[in-house]
Amino acid sequence: NAGVTQTPKFQVLKTGQSMTLQCAQDMNHNSMYWYRQDPGMGLRLIYYSASEGTTDKGEVPNGYNVSRLNKREFSLRLESAAPSQTSVYFCASSGQISYNEQFFGPGTRLTVL
Amino acid sequence: DQQVKQNSPSLSVQEGRISILNCDYTNSMFDYFLWYKKYPAEGPTFLISISSIKDKNEDGRFTVFLNKSAKHLSLHIVPSQPGDSAVYFCAASAPFSGYGKLTFGQGTILTVHP
């Protein structure tokens, strides 16, 4: 049982480049989430998917797109990276009953130069 | 607009003593509160939660207290252990705000000295 896995662990991009952060969970959870963590800001929700086939904006969605590929996988895409998107990105998932108790992946540290 | 605030960026405690981490919120619609713990280079892990219909919830060494009138919650760790050294985030959710949508505080770094 790997839980929530994220790839890559680290990434350096130049301004304007694009990339996709991958996330997968093996807990048969319905809901999945993408957060970013910045110093002094805590974790902020970017997008979430309450169930397969649905996605909704969170607190800071600008500059990002998401795809809920299937029940297991939820990807986050940066179409044109900006230095303000330098952050640590966490994917999380939760089950149908205790949906607030989220399980987090190890994170992706992204630097945009 | 920071709806969930942890005003202490850090806390230092001696092993065996009590650690008290505080969290304030402004949104009166929040009805469920959680604490997460995060070690460096790892994702946060769920620690303990409390519903607004309660004012206290215990799980082993961890107790969360909720004061709805003051819009304040606290996490007590007794006794504190060096392995408790981590960043602690409080989080809150409101009904009908979105399935599993959590609002997090900024985090408090707890250091427990042997």
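Note: the structure precedes this text.
Notes on the structure follow. (Residues numbered from 1 in each chain as written. Chains lettered and ligands numbered in written order. Predicted model: local features only at pLDDT ≥ 70, side-chain atom pairs only at ≥ 80, totals over all residues. Heavy atoms only, no water.)

1. Focus: the sheet that holds strand E8 (residues 72-77) of chain B
Residues and elements named next belong to chain B. Note the following rule: Any two strands are treated as partners once DSSP identifies two or more bridges connecting them. Secondary structure counts use DSSP, requiring at least four H or I residues in a row for a helix and at least two E residues in a row for a strand, with both numbered from the N terminus.
Sheet architecture is open: five strands sit in the order E1-E3-E8-E7-E6, paired in antiparallel fashion. Pairing within the sheet leaves two strands with one partner each, and these edge strands are strand E1 (4-5) and strand E6 (56-59). Direction of pairing for E6 relative to strand E7 (residues 62-67): antiparallel, over a ladder of four bridges. Its bridge partner being in E7, Lys 56 is matched across the sheet by Phe 65.

2. Some details on the sheet that holds strand E8 (residues 74-78) of chain A
Residue and element names in this part refer to chain A. Operational definition: To define axes, lines are fitted to C-alpha atoms, for helices over the stretch in contact only, and angles between the resulting N-to-C directions are given on a 0 to 180 degree scale.
The four strands are arranged E1-E3-E8-E7 in an open sheet whose pairing can be described as antiparallel. Every other strand in the sheet has two partners, leaving strand E1 (4-7) and strand E7 (64-68) as the edge strands with one partner each. Each strand axis lies, on average, 20° off the axis of its neighbour in the sheet, ignoring direction. Summarising the sheet, E7 and E8 pair through five bridges and their orientation is antiparallel. Residue Tyr 64 lies in a different strand from E8, and its bridge partner there is Leu 78.

3. Overview of the interface of chain B and chain A
Selection rule: Should any heavy atoms of two residues lie within 4.5 Å, those residues are counted as being in contact. The quantity reported as buried area is the accessible area (1.4 Å probe) lost by two parts once they are put together, taken as the sum for both. Contacts described as polar in this section are N or O atom pairs within 3.5 Å, which, within protein, must combine one atom able to donate a hydrogen with one able to accept it, while residues neighboring in sequence count only if both atoms come from side chains. The nonpolar class holds Ala, Val, Leu, Ile, Met, Phe, Trp, Tyr, Cys and Pro. Asp, Glu, Lys and Arg form the charged class, and all remaining residues, Gly among them, are polar.
Each partner contributes to the interface: chain B provides 22 residues, whereas chain A provides 22 residues. Together chain B and chain A conceal approximately 1,700 Å² of surface at their shared face, both sides included; 59% is due to carbon and sulfur atoms. Where chain B touches chain A, the interface holds four residue pairs in polar contact (both at pLDDT 80 or more). Elements that contribute at least two residues to the side of chain B that touches chain A include exactly strand E4 (32-38), strand E5 (45-51) and strand E9 (86-93) of chain B. Class assignment for the residues of the side of chain B that touches chain A results in ten nonpolar, nine polar and three charged.

4. A few points about the packing of aromatic side chains
Residue and element names in this part refer to chain B. Definition in use: Pairing of aromatic rings covers Phe, Tyr and Trp, the last through its six-membered ring, and needs centres within 6.5 Å; plane angles under 30 degrees mean stacked, over 60 mean edge-to-face, and all others mean tilted. Burial classes: relative accessible area under 20% of the type maximum marks a residue as buried, over 50% as exposed, and values in between as partly exposed (1.4 Å probe, protein chains only).
Here the structure, examined in full by the defined rule, presents 14 aromatic pairs over all chains. Between the aromatic rings of Tyr 36 and Phe 104, the centroid separation amounts to 5.6 Å while the plane-to-plane angle is 50°, which identifies the pairing as tilted. With Tyr 36 in strand E4 and Phe 104 in strand E10 (residues 103-104), this residue pair connects regions lying 68 residues apart in the sequence. Ring geometry for Phe 89 versus Phe 104: centroids 6.4 Å apart, planes at 85°, classification edge-to-face. Residue Phe 89 is located in strand E9, and its partner Phe 104 is located in strand E10; the two are separated by 15 residues in the primary sequence. Since its relative accessible area comes to 0%, Phe 89 is described here as buried. Judged by its relative accessible area of 2%, Phe 104 falls in the buried class.

5. Brief notes about the nonpolar core
Rules: Nonpolar cores were defined as sets of buried Ala, Val, Leu, Ile, Met, Phe, Trp, Tyr and Cys residues, with membership established by side-chain atoms within 4.5 Å.
Among the nonpolar cores identified, the biggest contains 24 residues, and Phe33(B), Trp35(B), Leu73(B), Leu75(B) and Tyr88(B) are the most heavily contacted of them. For this core, the secondary structure elements donating two or more residues are strand E3 (19-25), E4, E5, E7, E8, E9 and strand E11 (108-113) of chain B. Residue contributions to this core peak at four residues, all from E9(B). Counting residues in each nonpolar core, the second largest holds 20 residues, with Val4(A), Tyr47(A), Val60(A) and Val66(A) among its members.

6. Observations regarding the side chain of Asn30(A)
Residue and element names in this part refer to chain A. Of note, Asn 30 is situated in the loop between strand E3 (19-25) and strand E4 (31-38). Accessibility expressed as a relative area gives 18% for Asn 30, which makes it buried. Here Lys 71 takes part through its side chain, which lies 3.2 Å from a polar atom of the side chain of Asn 30. Not counting the four nearest positions on each side in its chain, Asn 30 is found in contact with Ser 49, Ala 50, Ser 51, Glu 52, Arg 68, Lys 71, Ser 94 and Gln 96.

7. A few points about the environment of Thr63(B)
With respect to the helices and strands, the residue Thr63(B) is situated in strand E7. Between the alpha carbons of Thr63(B) and Ser49(B) there is a distance of 9.3 Å; along the sequence they are 14 residues apart.

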